[in-house]
Amino acid sequence: MLVVMRQGASEIEIRGVVRAIEARGFKAHPIPGVQRTAIGVTGNRGAVEQPVFESLPGVLEVIPVTHAYKLVSREVKPEDTVVRVGNVPVGGREFVIAAGPCAVESLEQTLTVARGVKAAGARLLRGGAYKPRTSPYAFQGLGEEGLRILATAREETGLPVVTEALDAEGVDLVERYADAIQVGARNMQNFSLLRRCGKAKKPVLLKRGLAATLEEFLMSAEYILAEGNYQVILCERGVRTFSDFSRNTLDLAVVPAVKAVSHLPILVDPSHGTGRRDKVAPMSRGAAAVGADGLIVEVHHEPDTALSDGPQSITPAAFAALMDELRQIAPVLGRTLPRPAVSPG
Ligand code: PEP
Ligand code: MN
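First things first, this report covers the structure right here in the doc. (Residues numbered from 1 in each chain as written. Chains lettered and ligands numbered in written order. Predicted model: local features only at pLDDT ≥ 70, side-chain atom pairs only at ≥ 80, totals over all residues. Heavy atoms only, no water.)

## Notes on the sheet that holds strand β3 (residues 37-42)
Here is step 1: Taken together, 4 strands build an open sheet; the order of strands is β2-β3-β1-β4 and the sheet is antiparallel. The open sheet has two edge strands with one neighbour each: β2 (27-32) and β4 (59-63). Strand after strand, the sheet turns through a mean of 20° between neighbouring axes, direction not considered. (Pairing = 2+ DSSP bridges. Helix = DSSP H or I, 4+ residues; strand = E, 2+ residues; numbered from the N terminus. Axes fitted to C-alpha atoms, helices over the stretch in contact; angles between N-to-C directions.)

Here it is as structure tokens:
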């Protein structure tokens, strides 16, 4: 249910409604909008007594939310949400690119890639310190040492860092180092992890599960918002299909589908979405065209010896070429993609 306040409703009136919601054992989620504040109600099992709320001072109307997901829906918040990762706004006019290695392998490797993607205009640095690998014998990531390396790379380049937490316990540490916490595809329905991320003070990048429907994807985001963290960025990274020429099938159609029903920003991951280096650029151009808010791209200076996801990693030079193309495409779509600042020396 959604309680919509009148335009210009006072703080006292808003607080009064919040108290009335909480007095019934429900949770209140005030969502300030451009025109007016709306207050989402969750935690109710059946219908809520609408007239009780409608008669409270400052209330314009009470509307039932028709979707299973509530706080992530446009019914509750019609305007696009802009999520700040460090100082970078995701979901506004700018087409934002996160780039970096699949895994943090060493300080030298991470700095080399971070410098390369920064010079080409990336705005966020990605890199895994904890890797969810199919095989328990594969490289699992450097752990906290990897987080320290990412922090060093951020210090040098100024790029805010996006990195994955594998479980609820891991969020404590990741949250300390990262600017955004990534929840991986395999963990999209790890509900204790989602709940823990909902209590985090950092934004969350939520990747779509390997076989998740749109509703399942949005319900997972709902878990995070329901705990009070409204800073969620969705990410389409490909789903499993019978198609056998790529690692996954990048479902670009989900972007406009998400935009129609949710206010949350959505990035596209053309690297995991295809699994093939040569398909990263074309699918990146497609992602921009269908209205994604940006990309998350795997880049490695020596992809053939990368410890994970080398076949889908592009070189810094290929990344720079892609950025040049995207810079031409973005304005046609009403988006900005600023040129990288030329660093002195
Ligand atoms: C990653 O970003 O490196 C990753 C493991 O992604 P996903 O969870 O989408 O497979
Ligand atoms: Mn990867």
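Next comes the rest of the write-up.
## Describing the pairing of β3
One face of the sheet, then the other: side chains in a regular strand alternate in exactly this way.
Here is step 1: In terms of burial, β3 is largely enclosed, as 6 of its 6 residues are buried.
Here is step 2: Of the two faces of β3, the one lined by T37, I39 and V41 and the one lined by A38, G40 and T42 are each fully buried.
Here is step 3: In this sheet, β3 lies alongside β2 in antiparallel orientation, the contact comprising 6 bridges. Across the sheet, the residue bridging to P32 is T37, located in β3.
Here is step 4: Counting the residues between successive antiparallel strands, the hairpin from β2 to β3 contains 4 residues. (Buried < 20%, exposed > 50% of the residue type's maximum accessible area, 1.4 Å probe, protein only.)

## Focus: the coordination of the manganese ion (ligand 2)
Here is step 1: The coordination sphere of the manganese ion (ligand 2) contains the protein donors C102 (SG), H272 (NE2), E298 (OE) and D309 (OD), at a distance range of 2.0 to 2.4 Å.
Here is step 2: Sequence spacing among the residues donating to the manganese ion (ligand 2) works out to C-x169-H-x25-E-x10-D. Of this pair, C102 sits in the loop between β7 (96-100) and α3 (107-120) while H272 sits in helix α9 (residues 270-274); the two residues are 170 residues apart in sequence, bridging distant segments of the chain.
Here is step 3: Residue classification places H272 among the buried positions, given a relative accessible area of 8%. (Donors = N, O, S within 2.8 Å, 3.2 Å for Na, K, Ca; no water.)

## Quick notes on the packing of helix α10 (residues 280-289) against helix α11 (residues 316-332)
Here is step 1: Between α10 and α11, the least distance of the axes is 10 Å, while the angle of their chain directions is 25°. For the element pair α10 / α11, the angle class is roughly parallel. Seen from above, α10 lies across α11 with right-handed handedness. Contact residues: A281, S284, R285 and A288 in α10; L322, E325, L326 and I329 in α11.
Here is step 2: Looking at side-chain class alone, the contact of α10 with α11 contains 5 nonpolar, 1 polar and 2 charged residues. (Parallel < 35°, antiparallel > 145°, perpendicular 65-115°, else oblique. Left-handed = near helix turned anticlockwise from the far one by under 90°. Contact = heavy atoms within 4.5 Å. Nonpolar A, V, L, I, M, F, W, Y, C, P; charged D, E, K, R; others polar.)

## Quick word on the packing of α3 against helix α4 (residues 144-157)
Here is step 1: Packing of α3 against α4 brings their axes to within 10 Å, and their N-to-C directions diverge by 35°. Pair α3 / α4 crosses with right-handed handedness. Where α3 abuts α4, its residues L107, T110, L111, A114, R115 and K118 lie against I149, L150, T152, A153, E156 and T157.
Here is step 2: Tallied by class, residues from the contact of α3 with α4 come to 6 nonpolar, 3 polar and 3 charged.

## A word on the sheet that holds strand β8 (residues 124-126)
The strands making up a sheet associate through backbone hydrogen bonding, with each pair oriented either parallel or antiparallel.
Here is step 1: As summarised here, the arrangement of the 8 strands in space is β7-β8-β9-β10-β11-β12-β13-β14, forming a closed barrel in which the pairing is parallel. Averaged over all adjacent pairs, the angle separating strand axes in this sheet is 25°, with direction ignored.
Here is step 2: Looking at chain direction, strand β10 (residues 180-183) and strand β11 (residues 204-207) are connected through 3 bridges and run parallel. Directly across from I181, in β11, lies its bridge partner V204.
Here is step 3: On the sheet, helix α8 (residues 254-261) packs against β12 (232-236) and β13 (266-268) and is oriented at approximately 175° with respect to β13.

## Description of helix α1 (residues 11-23)
Here is step 1: For α1, which comprises 13 residues, the first-to-last C-alpha distance of 18 Å matches the rise-based estimate of 18 Å (1.5 Å per residue) to within 8%.
Here is step 2: Along α1, the positions that sit buried rather than exposed are I14, V17, V18, A20 and I21. All buried residues of α1 fall inside an arc of 160° around its axis, so they share one side. Projecting away from the buried face of α1 at angles above 90 degrees are the exposed residues E11, I12, R19 and A23.
Here is step 3: Its buried side turned inward, α1 meets β1 (2-5), β2, β3, α2 (50-54) and β4. (Expected span 1.5 Å × (residues − 1). Arc of directions from axis to C-beta.)

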